[in-house]
Amino acid sequence: MLPALLTRVGDCFPGFLLVTVLSAGPAVCQDGPASLKIVKAAEPRPYNYARSFRAADGTIYLLGPFKTIDAGRKLELCTLADPHWGTLLNEGEMNTFFSRKGLFLALKNKVVCAPGGHCPGTMWRSTDDLKTFQQTAIIVVIPEAGKVDNGKPEEWVGLFFHRTIIELRDGTLLAAMYGNFEHDTITPTNPRSKSESKYKLRAFVVRSKDQGNTWRYLSTVAAPAPAVVDDTEGFNEWTIARLADGRLLGLIRTGHYTPLQASWSSDEGKTWTTPITPNGLGPGGADPFLILLSDGRLALAYGEIVQPKGSREAYWKDYRTHNWPGAAKTSEADERRRCVLAIDADGSGRNWVSYTVADYGPRSAYATIFQVEPNIIVYQADMDLWRVELPPR
C-alpha cells in the first residue's frame, strides 16, 4: 500500500479524517489498473461486524446514530425523523436486507427450528419508506432439514439468514440462508475451522410469497461432500446478485484458508450449477457481498485473514500448541484481516481483479458496498467507510 495523504475535513464530525490513498492490488491481480482512488470518510470505532443498508431515498444508514446522504462523502448524525436502529445494525441482529420504495425488510440472522421443520425467526418491516417500522415474528418452513441441531447460543450451528434478499420476476422474494440440516454432521478438519463451526455447513435458498412473513425451502446451492477432507467449513456466509443476462450468481465462503466458490442459477433459484473457484480472488474469504454495477460489471467485497506461512501442517501444529485462550499468540497465529474489493469486468462472475481497500488489521472485515454514482462505490466495513473510484469500463 502506498503512503496515504491525510487532511482534516471541516464539514465532518470533529476527529473524522479524509484519507486519500492509492491502493495497489494484491498478488492475485493479473489485469486491469494498478490502483484505485479510495477516500475514507469515517473514523474507526471499536465495533466489529457492523452492518449498513441503503434506503429507497438513497440514504445509507450505519450502526448507531450515523448516516450519509451525500453518497459517502461525509457522515452525519441521524435526526429524530430517522429510524431508531440503536445497536440493531450488526451481523447478529439485522443481518439480511431488502429495500425498495414501499417495502423494507430486515431479517435476524438465526432461526431456531422445532421438530417438523417450522423455524421461528424475527423480521423488521416498513411499508411507508421507513417513517415507521415494526418488529414481527416470521416462520421458515423447511421440513427438508429434518431435526436441526440448533446448538448453544455461543455456537455457530443451526440455520441462518445471510445478507441477500432478491426480488424474483414474479414478485416473490428469494433469501440466502446457510446452516446444518439433520444429516449435515461432517465436522471441520483443522483446529481453526473447528473453533468456528461445529459442522461443515450448506448454502441454500428460501422463498417468500407474502412479503417475508413465511419462507419456504426452495433449493440447496452447495453442501459438503462426506468423502472430502480439507480445510473448509463447508459452505456458509454467501451473497446473491442478478447478472445483466438475468441469471443469479451466488458467491459462497468456505473458510478462512480456502477460496470463495461461485454457483449460477438460470431458473430463478430452483437449481444451481456445481460450485467452482473463480479466477482472481484471494486464497480465503469472509462474508462476501456482491452487487451488479450499472455498466454491467460486478463488484465484490470480502474480508481476508493473514494466510499461513510455510506448510499447513506446521501451522496447525503451532495453532494447537500455542493459539489457545490465554496463550501468547505466535507470529504463525496471525488473525488480522484486510478489506478487499474485486471487480469482474465482463459481468460473468468467473474472472476477477482484486484490490486492497484497507490493509491487515484488527478488524472483522465484514463489508457492505453500494454503487452511489457511475464508477463510485461506497465501501463499509465495521465502523469504517470509504468512497472508492473505479476506472471506467
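Thresholds, definitions, all that
- Residues numbered from 1 in each chain as written.
- Predicted model: local features only at pLDDT ≥ 70, side-chain atom pairs only at ≥ 80, totals over all residues.
- Heavy atoms only, no water.
- Helix = DSSP H or I, 4+ residues; strand = E, 2+ residues; numbered from the N terminus.
- Buried < 20%, exposed > 50% of the residue type's maximum accessible area, 1.4 Å probe, protein only.
- Contact = heavy atoms within 4.5 Å.
- Areas by Shrake-Rupley, 256 points an atom, 1.4 Å probe, with all protein chains shown as cover.
- Polar contact = N/O pair within 3.5 Å; in protein donor to acceptor, adjacent residues only side chain to side chain.
- pLDDT = per-residue confidence, 0-100.
- Phe/Tyr/Trp six-rings, centres within 6.5 Å; stacked < 30°, edge-to-face > 60°.
- Pairing = 2+ DSSP bridges.
- Axes fitted to C-alpha atoms, helices over the stretch in contact; angles between N-to-C directions.
- Disulfide = S-S within 2.5 Å.

A. Representation of the overall build of the protein chain within the structure. Counting its regular elements, the protein chain contains two helices and 26 strands. For the protein chain, buried positions account for 56% of its 393 residues. By sequence separation, contacts in the protein chain at least 24 residues apart represent 56% of the contacts at least 6 residues apart. Counting only carbon and sulfur atoms, one obtains 55% of the accessible surface of the protein chain, whose full area is about 16,300 Å².

B. Main features of the environment of Arg 363. Tracing the backbone shows Arg 363 in the loop between strand 23 (353–361) and strand 24 (367–373). On a C-alpha basis, the gap between Arg 363 and Asn 48 in space is 6.4 Å, while along the polypeptide they are 315 residues apart. The residues touching Arg 363, leaving out its near neighbours within four places in the chain, are Asn 48, Arg 337, Arg 338, Cys 339, Ala 358, Asp 382, Asp 384 and Trp 386. A distance of 3.3 Å separates the side chain of Arg 363 from the backbone oxygen of Arg 337, its partner in a polar contact. There is a polar contact of 3.5 Å between the side chain of Arg 363 and the side chain of Asp 384.

C. Highlighting the confidence of the model for the protein chain. On average, residues of the protein chain score 86 in pLDDT, and 85% of them reach the 70 mark or higher. Across residues 42–46, where pLDDT falls below 50, the model places 16 contacts with residues more than four positions away in sequence or in other chains. Confidence over residues 324–328 falls short of pLDDT 50; this stretch has two contacts with residues more than four positions distant or in other chains.

D. Layout of the packing of aromatic side chains. Scanning the entire structure with this criterion turns up 17 aromatic pairs. Ring geometry for Phe 53 and Trp 85: centres 5.2 Å apart, planes at 90 degrees, overall edge-to-face. Of this pair, Phe 53 sits in strand 4 (residues 52–54) while Trp 85 sits in the loop between strand 7 (76–77) and strand 8 (94–100), and the two are 32 residues apart along the sequence. Both residues of the pair, Phe 53 and Trp 85, count as buried. With 5.9 Å between their ring centres and 90 degrees between their planes, Trp 156 and Tyr 178 make a pair best called edge-to-face. Residue Trp 156 is found in the loop between strand 12 (134–141) and strand 13 (159–167), and its partner Tyr 178 is found in strand 14 (residues 173–179); the two are separated by 22 residues along the sequence. For Trp 156, a relative accessible area of 15% corresponds to the buried category. Given the relative accessible area of 1%, Tyr 178 is considered buried.

E. Quick peek at the pairing of strand 19 (residues 261–265). Counted residue by residue, strand 19 has five buried out of five residues, so it is predominantly covered. Burial along strand 19 is two-sided: Gln 261, Ser 263 and Ser 265 facing one way and Ala 262 and Trp 264 facing the other are all buried. Judged from the five bridges that link them, strand 18 (residues 248–252) and strand 19 form a sheet pairing that is antiparallel. Bridge assignment links Leu 249 to a residue of strand 19, and that residue is Trp 264.

F. Main features of the sheet that holds strand 18. Read across the open sheet, the three strands follow the order 17-18-19; overall the sheet is antiparallel. With partners counted over all chains shown, the strands left at the sheet margins are strand 17 (238–242) and strand 19, one partner each. Mean inter-strand twist for the sheet, computed between neighbouring axes without regard to direction, equals 20 degrees. Alignment of strand 17 against strand 18, held across five bridges, turns out to be antiparallel. Across the sheet, residue Arg 242 finds its bridge partner in strand 18, namely Leu 248.

G. View of the sheet that holds strand 4. Pairing within the open sheet is antiparallel, and its four strands lie in the order 4-5-6-7. Edge positions in the open sheet fall to strand 4 and strand 7, since each of these has one partner strand only. As defined by bridge partners, strand 6 (residues 66–68) adjoins strand 7 across two bridges and the pair is classed as antiparallel. When the sheet's bridge partners are listed, Phe 66 is paired in strand 7 with Leu 77.

H. Representation of the state of the cysteines within the structure. Overall, the coordinates contain one disulfide when judged by the stated rule. Note on cysteine connectivity: Cys 113 is disulfide-linked to Cys 119, with sulfurs 2.1 Å apart. Disulfide Cys 113-Cys 119: the torsion about the S-S bond is 95 degrees, which places it as right-handed. Pair check on accessibility: Cys 113 and Cys 119 agree, each one buried.

I. Expanded view of the environment of Thr 132. In this fold, Thr 132 is placed in the loop between strand 11 (118–126) and strand 12. With relative accessibility at 48%, the residue Thr 132 sits in the partly exposed group. Along the sequence, Thr 132 and Pro 83 sit 49 residues apart, while their C-alpha atoms lie 7.1 Å from each other. Residues in contact with Thr 132, not counting those within four places in the same chain, are Arg 125 and Ser 126.

J. Seen up close, the environment of Phe 97. Following the sequence through the fold, Phe 97 ends up in strand 8. The spatial distance from the C-alpha of Phe 97 to the C-alpha of Arg 51 is 9.8 Å, given a sequence separation of 46 residues. Discounting chain neighbours no more than four positions away, the residues touching Phe 97 are Arg 51, Ser 52, Phe 53, Leu 89, Phe 104, Leu 105, Ala 106, Arg 163 and Ile 165.

K. Broad picture of the side chain of Thr 368. Structurally, Thr 368 can be placed in strand 24. A polar atom in the side chain of Thr 368 sits 2.5 Å from the side chain of Arg 163.

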